[in-house]
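A closer look at the structure
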Amino acid sequence: MNQNWLSFGINPRLKRLRHKLSSDPYYRLQSEEEILMAAHLGVRIDVNRAAVDDWLRLPGLSIHQARNLVELSRVGVRFYCIEDMAAALSISVHRLKYLEVILNFSYYGDEDTEGLVYVVDPNTATLESLLQVPYINFELAQALIDNRFTNGLYQNLADFQQRLNLSSDVIAKLMYHLRF
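Report on the accompanying structure.

Parameters and conventions
Residues numbered from 1 in each chain as written. Predicted model: local features only at pLDDT ≥ 70, side-chain atom pairs only at ≥ 80, totals over all residues. Heavy atoms only, no water. Helix = DSSP H or I, 4+ residues; strand = E, 2+ residues; numbered from the N terminus. Buried < 20%, exposed > 50% of the residue type's maximum accessible area, 1.4 Å probe, protein only. Contact = heavy atoms within 4.5 Å. Phe/Tyr/Trp six-rings, centres within 6.5 Å; stacked < 30°, edge-to-face > 60°. Lys, Arg positive; Asp, Glu negative; His and termini not counted. Salt bridge = Lys/Arg side-chain N within 4 Å of Asp/Glu carboxyl O. Polar contact = N/O pair within 3.5 Å; in protein donor to acceptor, adjacent residues only side chain to side chain. Axes fitted to C-alpha atoms, helices over the stretch in contact; angles between N-to-C directions. Parallel < 35°, antiparallel > 145°, perpendicular 65-115°, else oblique. Nonpolar A, V, L, I, M, F, W, Y, C, P; charged D, E, K, R; others polar.

**Digging into the overall build of the protein**
For the protein, the helix and strand inventory stands at 11 helices and 2 strands. Along its sequence from the N terminus, the protein presents helices and strands in the succession α-α-β-α-α-α-α-β-α-α-α-α-α. Per-residue burial for the protein yields a buried fraction of 38% across its 180 residues. Restricting the contact set of the protein to residue pairs at least 6 apart, pairs at least 24 apart contribute 51%.

**Looking at the packing of aromatic side chains**
Within a pair of aromatic rings, the relevant descriptors are the distance that separates the centres and the angle that separates the planes. Within this structure, the stated rule accounts for 2 aromatic pairs. With centroids separated by 5.0 Å and ring planes inclined at 70°, the aromatic side chains of Y154 and F160 adopt a geometry described as edge-to-face. Of the two residues examined, Y154 and F160, each falls in the buried class. A centroid spacing of 5.9 Å and a plane angle of 65° characterise the contact between F160 and F180, whose relative ring orientation is edge-to-face. Taken together, the residues F160 in helix α10 (residues 157–164) and F180 in the segment after α11 (168–174) connect sequence positions 20 residues apart. Classification of F180 as partly exposed rests on a relative accessible area of 32%. Ring pairing ties together the aromatic residues Y154, F160 and F180, which thus form one cluster.

**Here's the deal with the side chain of R57**
Among the secondary structure elements, R57 is positioned in the loop between α3 (52–56) and α4 (63–74). Despite its burial, R57 pairs with no opposite charge; the closest candidate is D54, at 5.6 Å N-O. A polar contact of 3.2 Å, which involves the side chain of R57, links it to the backbone oxygen of Y27.

**Looking at unusual backbone geometry**
Although it is not a glycine, Y135 adopts a positive phi angle of roughly 80°. Within the secondary structure, Y135 is located in the loop between α8 (127–130) and α9 (138–151). Phi is positive for N165, close to 55°, though the residue is something other than glycine. Along the polypeptide, N165 turns up in the loop between α10 and α11.

**Quick notes on the packing of α9 against α10**
Packing of α9 against α10 leaves a shortest axis separation of 11 Å and a crossing angle of 105°. As summarised for this structure, α9 and α10 are arranged roughly perpendicular, according to the angle between their axes. Within the contact between the two elements, α9 uses L140, A143, L144, N147, R148 and N151 and α10 uses F160, R163 and L164. For the contact of α9 with α10, the class distribution of residues is 5 nonpolar, 2 polar and 2 charged.

Structure follows, in structure tokens:
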């Protein structure tokens, strides 16, 4: 690959990508070239702490695959290399190899994972996964699911709070555990 495309002064595509990445944290990279450019700009995905939205930034990964990777991480599976990811997704390593430049395979011991926050999407979470969230008891989890079924998906945290009539204290605690 020609390294001239990495020059900010010469390449307007790199400038546009930098602008897209800085203005839209959920921008979905479109090609191997954009992956390389994003890696050059410092974009990294911590494989063992990535959320579904992080995975969906990568071309070629489906929402189903993203959810599988996140769920495996949540239950304690650690990915040490691209081969681990490929095995978890039941795909060939070759299909993921070009993503390696943007992936960070960090190791976290048990003491490092104690501070991790369990995060769910209230629009897709099951009753069981909601019950794993601190501050969500059975009644709130069931109300959340019933409201979602009756009134549709939650748009954001404010919509969530209003529809479930939750206090600001409860929302202040839950906001670290919910991703819409």
